[in-house]
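Descriptive analysis of the structure
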Amino acid sequence: MNRNPVIPFVLIMVLGIGLIFFLSIKGLGDADEMAKGKKEGGAKQEQASSGEFDPKDFYAQTCASCHGQNYEGGYGPSLKGVGDRYSKDEIKDIIQHGKGGKMPSGLVSAENADAMADWLMKLK
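Conventions adopted
Residues numbered from 1 in each chain as written. Predicted model: local features only at pLDDT ≥ 70, side-chain atom pairs only at ≥ 80, totals over all residues. Heavy atoms only, no water. Salt bridge = Lys/Arg side-chain N within 4 Å of Asp/Glu carboxyl O. Helix = DSSP H or I, 4+ residues; strand = E, 2+ residues; numbered from the N terminus. Buried < 20%, exposed > 50% of the residue type's maximum accessible area, 1.4 Å probe, protein only. 1 Å grid on protein atoms, 1.4 Å probe; cavity = no way out; pocket = protein on both sides within 12 Å on 5 of 7 lines; lining within 4 Å. Points joined across faces, edges and corners; volume = space filled by probe spheres on them. Axes fitted to C-alpha atoms, helices over the stretch in contact; angles between N-to-C directions. Parallel < 35°, antiparallel > 145°, perpendicular 65-115°, else oblique. Left-handed = near helix turned anticlockwise from the far one by under 90°. Contact = heavy atoms within 4.5 Å. Nonpolar A, V, L, I, M, F, W, Y, C, P; charged D, E, K, R; others polar. Expected span 1.5 Å × (residues − 1). Bend = angle between axes of the 7 residues up to and from the residue.

1. Regarding the pattern of salt bridges
- In the structure shown here, the tally under the stated rule is four salt bridges.
- In this structure, Lys26 engages Asp30 in a salt bridge whose closest nitrogen and oxygen atoms are separated by 3.2 Å. With Lys26 and Asp30 both in helix 1 (residues 7–49), this residue pair falls four residues apart, about one helical turn.
- Overall, the relative accessible area of 28% leaves Asp30 in the partly exposed class.

Structure, rendered in C-alpha cells:
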C-alpha cells in the first residue's frame, strides 16, 4: 500500500487557510468592539475635562513616559524649571501643537491647556 506524500501538505494548507479565514472574521468583530470602546473612552475624557481636570494626574498618565516620573526628562526634555525657559503662552503652544517632531500635538485639549501650562510653570 503506497501512501500519497502530497496529502499531509494539502491538509496543512486547508487547515491554514481555514484558520486565516476564522481569525479574519474574529478580528472584524473585535475591531467593532474596540471602536465602541474608544467612543465611550472619549466621552469619559470629556467628562473629566468639564471641571475635573487635574494636571498632575494627566501628567502621570500621559506625559511621564517621556518626561520622567520626577520631571527629570528621558526621551523628552526635563520639565523642571520650564517656567524659567518659556512663557505661559509658549508652553500652551507646545502642549497643543507639539515641538520639533518629538512632542506630539493634541495631547491636552484647548480648554485644559491653561491649567496644564499654569501647573508646568510652577514646577521647580
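2. Regarding the layout of surface pockets
- Approximately 530 Å³ is the volume found for the largest pocket.
- For the largest pocket, the lining is made up of 25 residues, of which His67, Pro77, Leu79, Ile94 and Met103 are closest to its centre.
- Counting residues per element, the ones that place at least two in the lining of the largest pocket are helix 2 (55–67), helix 3 (82–85), helix 4 (88–97) and helix 5 (110–121).
- Per-element accounting of the lining of the largest pocket gives the leading share, six residues, to helix 2.

3. Let's talk about the packing of helix 4 against helix 5
- Running from amino to carboxyl end, helix 4 crosses helix 5 at an angle of 125°, the nearest separation of the two axes being 9 Å. As far as their axial angle goes, helix 5 and helix 4 are oblique. In terms of crossing hand, the pair formed by helix 4 and helix 5 is right-handed. In this structure, helix 4 uses Lys88, Ile91, Lys92, Ile95 and Gln96 to contact helix 5, whose residues at the interface are Ala110, Ala113, Asp114, Met116, Ala117, Asp118, Leu120 and Met121.
- Its residues assigned to classes, the contact of helix 4 with helix 5 shows eight nonpolar, one polar and four charged.

4. Examining helix 2
- Compared with an ideal rise of 1.5 Å per residue, which puts 13 residues at 18 Å, helix 2 spans 14 Å between its outermost C-alpha atoms and falls more than 12% short.
- Along its length, helix 2 reaches its greatest deviation from straightness, about 55°, at Gln61.
- Tucked inside the fold, the buried residues of helix 2 contact helix 5.
- Phi turns positive one or two residues past the end of helix 2, at Gly68, with a value near 90°.

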